[in-house]
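This is what each chain is made of:
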Amino acid sequence: MSRIEQDHNRFKQIVRGKIKKNLRKYITRGELIGRQGKDLVSIPLPQIDLPRFVHDPKQAGGVGQGEGDVGAVIGVGEGEGDGHAGDAPGHHVLEVDVPLEELADILGEELELPAVRNKGRKNIVSAKERYTGIATSGPESLRHFKRTYKEALKRQIASGTYNAIDPLIVPIRKDKRYRSWKIHKQPECNAAIIYMMDVSGSMGEEQKEIVRIESFWIDTWLRSQYKGIEVRYIVHDAEAREVDQETFYHTRESGGTVISSAYKMCDRLIAREFPHDEWNLYLFHFSDGDNWSQGDTEECFTILRDRLLPMTNLFCYGQVESPYGTGQFLTDLNEKFPNDERLATSQIENKDAIYGSIKDFLGRGR
Amino acid sequence: MSLPSHLETLRREIRGYAREHGLDFFEVFFEILSYEKMNEIASYGGYPTRYPHWRFGMEYEHYQKSYAYGLHKIYEMVINNDPCTAYLLESNAVVDQKIVMAHVYGHSDFFKNNVWFSKTNRKMLDKMANNATRVRRFMERFGVETVENFIDLCLSIDALIDPHSQFIAREASPESAQDDDEFVHDVPRLRSRKDYMNDFINPPEFLEAQRARLDEQRQKQRSFPEEPVRDVLKFLIDYAPLEGWQSEVLAMIREEAYYFAPQGQTKIMNEGWASYWHSRIMTEKALTDAELIDYADHHSGTVAQHPGRLNPYKLGLELYRDIEDRWNKGRFGKEYDECDDSREKREWDKHFGQGRQKIFEVRRFHNDVTFIDTFLTAEFCEQHRLFAFAYNKKTDAYQISSREFDTIKQQLLFALTNHGQPFIFVTDANHGNRGELLIEHRHEGLDLKLDWARETLRNIQQIWSRPVHLLTIIEEKSTLLSFDGQDFSEQETSGDQAVA
């Protein structure tokens with residue numbers, strides 16, 4: 001192993017909390033999703049800053065260059081500017097912007113996720129074009145303006161027809177550059193994700209935030225594996241309801257928890273919309289693990305064993321920690337179905353655990 | 001690896017141009033690297049062999065990812081050594097390699113001639129490698145984690161050095177200290193030949209004042225250190241109860257901090273100088289017609305302005321050009337400054353022709369602080385649209401606070417002085433007569449970032465092993481932060497600061 005790999009591994013181990021726990025408090029990690037723009041997601045890279053004597057960034061100003069009147073805003077306060085000359089105020093955390101398309105690849109690489117083996121019923125491969133290259137011919141609608149301009153500029157300077165005072169650039173046929181595509185093959189098959197979430201009184205904002213982030217990443221990954229994906233949402237307390245995405249993440253219910261209600265609804269939904277011999281089915285259930293009664297838990301297991309598990313590619317149960325839940329459901333589930341390939345369970349104590357949990361769920365390549 | 005022949009030819013050509021222009025550089029060894037190797041060496045700050053530490057791994061991850069996502073790539077890397085070592089990226093276009101070479105000769109000239117670099121170790125490549133070997137040996141003997149944890153502590157305070165100490169003698173020599181001891185018993189009097197004049201020449205009030213002064217001096221001698229010490233690292237090396245290997249590690253970190261200090265002190269000047277020369281060499285000599293567009297594209301990227309940010313390449317480059325122009329035309333001095341006629345001023349040209357000579361002189365004697373202090377003009381600020389910004393609590397945003405020359409200059413100088421870092425001194429190593437360490441922050445209008453200050457204090461305590469205290473000002477109140485190894489405490493004091 002080269003020296004840089006040793007240092008790199010050591011850094012990764014610190015970030016993952018395996019060694020040197022005393023440094024954990026200095027890690028700035030942010031969430032897995034940073035800012036989310038139109039097609040870009042910015043991912044904060046983990047960073048450890050050793051403490052030093054520095055000035056309070058809120059008091060330090062600086063000098064910049066550019067237009068703007070006195071009072072014009074040049075940066076927002078969140079994050080830590082470090083007040084050096086030449087440093088931008090604001091963002092201290094190192095972020096990289098990544099197109100959503102690439103995000104899944106990165107995720108797959110980071111978590112070493114295996115590609116999904118689909119159930120193999122409709123194994124049609126479809127081709128998809130992606131515009132990543134440049135060519136010298138093509139339709140006008142795909143003309144690459146900057147490249148064309150540069151070529152024309154080069155030619156005019158080289159041939160002496162460029163006039164600096166009146167810099168008129170006229171591209172000719174030879175200058176034109178066009179975007180061109182490459183064909184990427186993608187398996188085409190149907191997949192559906194059904195999310196179920198416990199929204200009983202014990203699930204707070206923080207728990208929902210965890211579910212939101214986790215399902216974003218699961219979506220991103222599965223979308224990269226299947227061409228079209230259908231997503232459905234079910235919330236439940238003592239009763240289950242099918243809802244839209246907005247409601248799923250923001251509803252706040254109260255009351256007891258009857259998990260079987262959600263599983264029954266899920267079963268009906270599959271029967272109605274996603275015949276299991278045509279669809280790759282992914283079911284995710286998030287809860288704090290507190291069920292109404294042991295009897296209901298038994299009923300859940302019966303539904304799982306007889307109905308849901310045989311139909312799905314993967315059934316994932318994620319248990320978020322809440323101050324109220326006993327977390328019994330996870331223990332029971334693991335006891336009931338030990339070593340069942342179709343079932344993945346994961347305990348998510350806090351946001352930091354999301355990473356590991358995604359790997360628990362998707363690491364089997366089902 | 002030696003350069004492939006086409007690059008070697010280019011190197012000779014560009015080296016020739018640099019010489020013709022009067023650049024006086026350390027010989028430069030160029031090495032050509034793949035981007036993986038480039039990222040690796042960049043993570044080590046340009047030194048192929050460095051001691052093992054996780055932060056280099058962190059740098060590596062950042063470089064790797066930014067490269068992989070196409071955000072950023074390293075074009076140029078050069079290190080202050082004799083001979084100078086510089087790296088070229090294998091995949092770069094030929095025109096880029098030429099720019100980098102020209103740029104690097106500029107840096108090498110700066111390293112060799114700028115006086116702030118004069119005390120740096122020019123065999124640092126070897127020294128770094130030796131340090132690495134020593135650290136590895138300590139790690140084998142005392143455990144990776146033990147040694148690495150100690151390095152973490154040292155890095156947390158590696159800014160607490162005294163960069164000017166290399167140029168002046170701060171500590172009195174031992175002999176003169178002994179001299180002081182002998183005479184202090186008697187109050188010195190002014191000599192008078194006539195006894196009857198004595199009461200007039202040495203009146204009682206005068207003798208009293210002298211006595212008080214001596215008392216104070218004696219008091220000071222009892223305290224230790226006598227004068228506030230800015231080189232906190234050295235103080236800890238000399239007086240903290242460290243094991244042999246710990247002293248060596250701390251001394252090594254300190255050595256590296258001193259080595260890197262001039263690069264921090266001359267960022268604007270150094271990058272400006274290199275950009276000035278790559279621009280002249282390329283546009284006057286080295287460019288072929290076919291390369292012009294790519295050169296312009298690349299160069300404008302280097303000196304691009306980002307909103308709200310100051311690009312040291314751009315600022316330095318423009319200031320050198322401005323100085324050259326002013327000294328060519330004689331736009332300086334009393335006569336010019338006192339000229340009220342704005343039109344006359346604008347067209348001022350006395351054909352002095354001293355521009356070139358002046359910029360070479362500037363690159364020899366100045367650092368960023370004196371550079372900005374001496375050569376930043378109101379006209380320059382106006383022309384380059386400089387502004388000062390500040391944080392606004394109400395809007396939680398950084399906003400442009402001024403376009404006044406004086407404010408901008410003051411703000412910029414403040415940010416450059418001590419590299420924008422707070423001034424910290426050791427003032428008492430026997431605080432409360434209990435062997436506790438008192439360090440003081442010389443408050444210059446900005447409070448410390450408190451959570452970090454506490455954590456740093458914790459690290460110093462681990463080195464000093466007895467309780468440590470930090471005297472600073474928090475929201476206009478003089479405050480003593482303490483850490484005794486277990487708990488933090490904080491109390492307002494009325495105590496005078498020794499370094500105020």
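Given the structure is predicted, the values throughout are model-derived calculations rather than measurements. (Residues numbered from 1 in each chain as written. Chains lettered and ligands numbered in written order. Predicted model: local features only at pLDDT ≥ 70, side-chain atom pairs only at ≥ 80, totals over all residues.)

## Focus on the overall build of chain A
Phase 1 of the analysis: For chain A, the count of helices and strands is nine helices and 14 strands.
Phase 2 of the analysis: In chain A, buried positions account for 33% of the 366 residues.
Phase 3 of the analysis: Sequence-distant contacts in chain A: of pairs separated by 6 or more residues, those separated by 24 or more amount to 73%. (Helix = DSSP H or I, 4+ residues; strand = E, 2+ residues; numbered from the N terminus. Buried ≥ 20, exposed ≤ 12 C-beta atoms within 10 Å, placed from the backbone. Contact = placed C-beta atoms within 7 Å.)

## Points about unusual backbone geometry
Residues and elements named next belong to chain B.
Phase 1 of the analysis: The linkage connecting aspartate 82 with the following residue, proline 83, adopts the cis geometry, with an omega of 0 degrees.
Phase 2 of the analysis: Topologically, proline 83 is positioned in the loop between strand 2 (76–79) and strand 3 (84–89).
Phase 3 of the analysis: For asparagine 418, which is not glycine, the phi dihedral falls at a positive 50 degrees.
Phase 4 of the analysis: Note on placement: asparagine 418 falls in the loop between helix 20 (405–416) and strand 6 (423–431).
Phase 5 of the analysis: The class for asparagine 418 is partly exposed, based on 18 C-beta atoms found within 10 Å.
Phase 6 of the analysis: At histidine 419, a residue that is not glycine, the phi angle is positive and equals roughly 60 degrees.
Phase 7 of the analysis: Within the secondary structure, histidine 419 is located in the loop between helix 20 and strand 6.
Phase 8 of the analysis: Histidine 419 sits in the partly exposed class, given 16 other C-beta atoms within 10 Å.

## Some points on the environment of B:Met252
Phase 1 of the analysis: Of note, B:Met252 is situated in helix 11 (residues 244–265).
Phase 2 of the analysis: Spatially, the C-alpha atom of B:Met252 lies 9.8 Å from that of B:Ala132, the residues being 120 residues apart in sequence.

## Observations concerning helix 5 (residues 124–142) of chain B
Residue and element names in this part refer to chain B.
Phase 1 of the analysis: The end-to-end C-alpha distance of helix 5 is 26 Å, a good match for the 27 Å that 19 residues give at a rise of 1.5 Å each.
Phase 2 of the analysis: Turning to helix 5, its buried residues are Met124, Leu125, Met128, Asn131, Ala132, Val135 and Phe138. The buried residues of helix 5 all sit within an arc of 140 degrees when viewed along its axis, so they share a single face. Every exposed residue of helix 5 that faces more than 90 degrees away from the buried side is listed here: Asp126, Thr133, Arg137, Glu140 and Arg141.
Phase 3 of the analysis: Looking at the buried residues of helix 5, the elements they touch are strand 3, helix 6 (144–156) and helix 11.
Phase 4 of the analysis: Looking one or two residues beyond helix 5, the residue adopting positive phi is glycine 143, at roughly 100 degrees. (Expected span 1.5 Å × (residues − 1). Arc of directions from axis to C-beta.)

## Side note on the packing of helix 4 (residues 94–113) of chain B against helix 12 (residues 267–286) of chain B
All names here are of chain B.
Phase 1 of the analysis: Contact pair helix 4 / helix 12: the axes reach a minimum separation of 8 Å and the direction vectors enclose 135 degrees. Taken as axis vectors, helix 4 and helix 12 run oblique relative to one another. Viewed along their axes, helix 4 and helix 12 form a crossing whose handedness is right-handed. Contacts between helix 4 and helix 12 involve Lys98, Ile99, Ala102, His103, Tyr105, Gly106, His107 and Phe110 on the former and, on the latter, Asn270, Trp273, Ala274, Ser275, Tyr276, Trp277, His278, Ile281, Met282 and Ala286.
Phase 2 of the analysis: Here the residues of the contact of helix 4 with helix 12 are counted per class, giving 11 nonpolar, six polar and one charged. (Axes fitted to C-alpha atoms, helices over the stretch in contact; angles between N-to-C directions. Parallel < 35°, antiparallel > 145°, perpendicular 65-115°, else oblique. Left-handed = near helix turned anticlockwise from the far one by under 90°. Nonpolar A, V, L, I, M, F, W, Y, C, P; charged D, E, K, R; others polar.)

## So, the interface of chain A and chain B
Phase 1 of the analysis: Taken together, the 57 residues of chain A in the interface contact 64 residues of chain B.
Phase 2 of the analysis: Elements with a contribution of two residues or more to the side of chain A that touches chain B: helix 1 (3–15), strand 3 (47–48), strand 4 (62–65), strand 5 (73–76), strand 6 (95–99) and helix 3 (145–159) of chain A.
Phase 3 of the analysis: The leading source of residues in the side of chain A that touches chain B is helix 1 of chain A, at nine residues.
Phase 4 of the analysis: In the side of chain A that touches chain B, the residues fall into 26 nonpolar, 20 polar and 11 charged.

## Brief notes about the pairing of strand 6 of chain B
Residue and element names in this part refer to chain B.
Phase 1 of the analysis: For strand 6 and strand 7 (residues 436–442), the ladder comprises six bridges, and the chain directions are antiparallel. Of the residues in strand 7, the one forming a bridge with phenylalanine 425 is glutamate 440.
Phase 2 of the analysis: Where strand 6 folds back onto strand 7 in an antiparallel hairpin, the turn is made up of four residues, including glycine 432, whose phi is positive at roughly 65 degrees. (Pairing = 2+ DSSP bridges.)

## Thoughts on the domain arrangement of chain B
Residue and element names in this part refer to chain B.
Phase 1 of the analysis: When cut into domains, chain B gives domain 1 (5–114 + 266–297), domain 2 (125–161 + 230–264), domain 3 (200–229 + 422–500) and domain 4 (303–417).
Phase 2 of the analysis: The distance between the C-alpha centroids of domain 1 and domain 2 comes to 29 Å.
Phase 3 of the analysis: At the interface, 11 residues of domain 1 touch 12 residues of domain 2.
Phase 4 of the analysis: For the side of domain 1 that touches domain 2, a count of residues per class yields three nonpolar, six polar and two charged. (Domains from an automatic or database assignment.)

## Re the confidence of the model for chain B
All names here are of chain B.
Phase 1 of the analysis: Per-residue confidence for chain B gives a mean pLDDT of 88; residues scoring 70 or more make up 93%.
Phase 2 of the analysis: Across residues 176–184 the pLDDT falls below 50, and counting only partners more than four positions away or on other chains, this stretch makes three contacts in the model.
Phase 3 of the analysis: Confidence estimates for the predicted assembly give a pTM of 0.72 and an ipTM of 0.84. (pLDDT = per-residue confidence, 0-100.)

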